[in-house]
Amino acid sequence: MSQKKKVNNKKKEQDLELLVGLAKQICKNAYAPYSNFHVGAALLGKNGKIYTGVNVENASYGLTICAERSSLTKAVSESCKKFIAIAIFEKKRGLILPCGACRQVLMEFSPSLKIVVKIQNRYELLSLEELLPKAFSL
Ligand code: THU
């Protein structure tokens with residue numbers, strides 16, 4: 001592998017580590033007294049900013065907001081509508097994949113969004129289109 005490629009790979013690995021680190025850190029703020037499943041999300045916008053979010057549960061269970069959607073609404077509120085990558089971290093499980101509802105909501109903004117997963121101790125990226133093929137749209 002060329003030196004340039006090695007440097008680029010290292011930089012990408014560091015960027016993903018930062019995103020995962022932020023998702024891990026923010027999951028401590030999750031409000032999850034019912035499921036005890038504490039989720040944090042870190043969403044990297046095309047503007048280079050990272051928007052974090054957590055799941056916010058409710059006694060009326062169906063009103064719960066997932067961490068992914070909470071990070072997305074924060075980003076859109078601050079006028080960022082295009083995204084590069086997202087890391088979703090649960091306190092005990094580590095990196096997780098987005099639920100079906102969140103896949104659909106993220107798809108609205110960025111079909112090319114990448115989701116960070118860990119395979120054999122290395123970060124890999126899955127595309128949202130792989131996770132939600134033939135998605136609904138108007
Ligand atoms: N949850 C998320 O925040 N993101 C997901 O992708 C899966 C589920 C939350 C919702 C609920 O508060 C708890 O995890 C258990 O489902």
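Just so we're clear, the structure is a prediction, and the values are computed from it rather than from any experiment. (Residues numbered from 1 in each chain as written. Predicted model: local features only at pLDDT ≥ 70, side-chain atom pairs only at ≥ 80, totals over all residues. Heavy atoms only, no water.)

A.B. asks: Go over the site of the ligand, please, and point to the residues and values.
C.D. replies: Around the ligand, the neighbouring residues are Ser35, Phe37, Val39, Asn55, Glu57, Thr64, Cys66, Ala67, Glu68, Leu97, Pro98 and Cys99. Here an oxygen atom of the ligand and a backbone polar atom of Ala67 are 2.9 Å apart. A distance of 3.0 Å separates an oxygen atom of the ligand from a polar atom in the backbone of Cys99. If the ligand stood free it would expose 370 Å²; the protein chains cover 78% of that surface. (Near = heavy atom within 4 Å. Polar contact = N/O pair within 3.5 Å; in protein donor to acceptor, adjacent residues only side chain to side chain. Areas by Shrake-Rupley, 256 points an atom, 1.4 Å probe, with all protein chains shown as cover.)

A.B. asks: Can you lay out helix H3 (residues 100-107) for me, pointing to particular residues and giving the numbers?
C.D. replies: Within an α-helix, residues lying three or four positions from one another point in the same direction, as the helix has 3.6 residues per turn. Residues Cys102, Arg103, Leu106 and Met107 constitute the buried set of H3. All buried residues of H3 project into a common sector of 140° when viewed along the axis, lining one side. (Buried < 20%, exposed > 50% of the residue type's maximum accessible area, 1.4 Å probe, protein only. Helix = DSSP H or I, 4+ residues; strand = E, 2+ residues; numbered from the N terminus. Arc of directions from axis to C-beta.)

A.B. asks: Just give me the short version of the environment of Pro133, but keep the residues and values in it.
C.D. replies: Mapped onto the elements, Pro133 comes out in the segment after helix H4 (128-131). Taking the C-alpha atoms as reference points, Pro133 and Lys5, 128 residues apart in sequence, are found 31 Å from one another.

The analysis is restricted to geometry; functional conclusions fall outside its scope.
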